[in-house]
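Remarks on the overall topology
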Amino acid sequence: MLIFESPEDLGKACARQIVDLILENQKENKPTVLGLATGNTPIPVYRELKQLVQKEKIDLSQVITFNLDEYLGLPIDDPNSYHSFMFEQLFSDLLQTSNLDPRNIHIPNGYAKTERDLSSQELEALFIAFPNRIKNSPLSQEEELWILKQRADQYEHDISRLGPIDLQILGIGTNGHIGFAEPGFSFSQDTSLVQLTENTRRDNACVFNGEVPRFAITMGIGTILKAKKIYLLATGEKKREIIEKALQFPISPSIPATSLRMHPCVSFFLDEAICPRTP
Ligand code: F6R
């Protein structure tokens, strides 16, 4: 457990670790696969990471990223999508200032309303699965769900193909979710479609312009636990209670973050608002 005076200090330390990992892998000519989170907590990490990359001219050509999750039903360019968040907070800048390859950025896509939203492989598979489908008609709910499930499987497959994830960055929800693996989510489940709890929708409403979607696509606990190393980040008093539970309550799907205690290499990055230092 690492405790920092402020979220900014936490961000600096975490970004340093990420850069050091990239440099270490580079020496052995190995790619670095990063698992990334959205939300408020990692913002200082991304701010510092952008600065370090620019200042130290870090080579990102071998860096591959996988984001944890995305809402269902939001076009990727919707200002509330996690795609938009990641490009705003990290990727747009890195793509301009470094040699990060845009093809190495992976973020689940939760939008499949019309044929134009599908890749050519997806379209082909759709017509095989639904032979009576009328060309160019909007996707029915059944077809949309089918495509989204295919995407979840494909995402898991891509992580296995390009992974394992060297370092997974996580935040934590006030109900103990990691990614959008909500309470009750089986520990063995991999990338899946999930229904968001009212607690999560309420927590996210303050940064969301409009109604928070009810469903999401997320890496599962099974996916997350396959990462070689995990950093769970939490800052602010609001997270104190859930961090105590994650560390002390019995390991159970009712608090998804307790699953992290089954992982051999996990560090909790906390600030003093959660874990005050004793004088
Ligand atoms: C986001 C994610 C979520 C958040 C969690 C905390 O990709 O996976 O688990 O990490 O909801 O969000 P913040 O950091 O906004 O408190």
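I will try to describe carefully the structure that is included in this document. (Residues numbered from 1 in each chain as written. Predicted model: local features only at pLDDT ≥ 70, side-chain atom pairs only at ≥ 80, totals over all residues. Heavy atoms only, no water.)

Thoughts on the packing of helix H4 (residues 120–129) against helix H5 (residues 141–162)
Interaxial distance between H4 and H5 falls to 11 Å at its minimum, and their mutual angle equals 130 degrees. Classified by the interaxial angle, the pair formed by H4 and H5 is oblique. Helix-helix and strand crossings are classified by hand; for H4 and H5 the assignment is right-handed. Counting all contacts with H4, which are made through Glu-122, Ala-125, Leu-126 and Ala-129, the residues of H5 involved are Glu-143, Trp-146, Ile-147 and Arg-151. Of the residues that constitute the contact of H4 with H5, the class distribution is 5 nonpolar, no polar and 3 charged. (Axes fitted to C-alpha atoms, helices over the stretch in contact; angles between N-to-C directions. Helix = DSSP H or I, 4+ residues; strand = E, 2+ residues; numbered from the N terminus. Parallel < 35°, antiparallel > 145°, perpendicular 65-115°, else oblique. Left-handed = near helix turned anticlockwise from the far one by under 90°. Contact = heavy atoms within 4.5 Å. Nonpolar A, V, L, I, M, F, W, Y, C, P; charged D, E, K, R; others polar.)

Details of the site of the ligand
Near the ligand you find 13 residues, and of these Thr-38, Thr-41, His-177, Gly-179 and Lys-239 are the closest. Contact with the protein chains covers 90% of the free accessible surface of the ligand, which is 410 Å². Looking at the shell around the ligand, its residues break down into 3 nonpolar, 8 polar and 2 charged. (Near = heavy atom within 4 Å. Areas by Shrake-Rupley, 256 points an atom, 1.4 Å probe, with all protein chains shown as cover.)

A word on the packing of helix H1 (residues 7–27) against helix H2 (residues 43–55)
Pairs of packed helices are described in terms of their axes, by the angle between the two and the distance that separates them. Close contact between H1 and H2 brings their axes to 7 Å; oriented N to C, the two are set at 50 degrees. In terms of orientation, H1 lies oblique with respect to H2. Where H1 crosses over H2, the two elements pack in a sense that is right-handed. From H1, Pro-7, Glu-8, Gly-11, Lys-12, Cys-14, Ala-15, Arg-16, Ile-18 and Val-19 reach across to H2, where they touch Pro-44, Val-45, Arg-47, Glu-48, Leu-49 and Leu-52.

Concerning the packing of aromatic side chains
By the definition in use, this model includes 9 aromatic pairs. Seen in terms of ring centroids, Phe-4 and Phe-269 are 5.7 Å apart; in terms of plane orientation they differ by 20 degrees. Their pairing is stacked. Taken together, the residues Phe-4 in strand E1 (residues 2–4) and Phe-269 in strand E10 (residues 266–271) connect sequence positions 265 residues apart. Seen in terms of ring centroids, Phe-66 and Tyr-155 are 5.6 Å apart; in terms of plane orientation they differ by 80 degrees. Their pairing is edge-to-face. In this pair, Phe-66 is assigned in strand E3 (residues 63–67) and Tyr-155 in helix H5, connecting sequence segments 89 residues apart. The structure contains a cluster of three or more aromatic residues connected by ring pairs, namely Tyr-71, Tyr-82, Phe-180 and Phe-208. (Phe/Tyr/Trp six-rings, centres within 6.5 Å; stacked < 30°, edge-to-face > 60°.)

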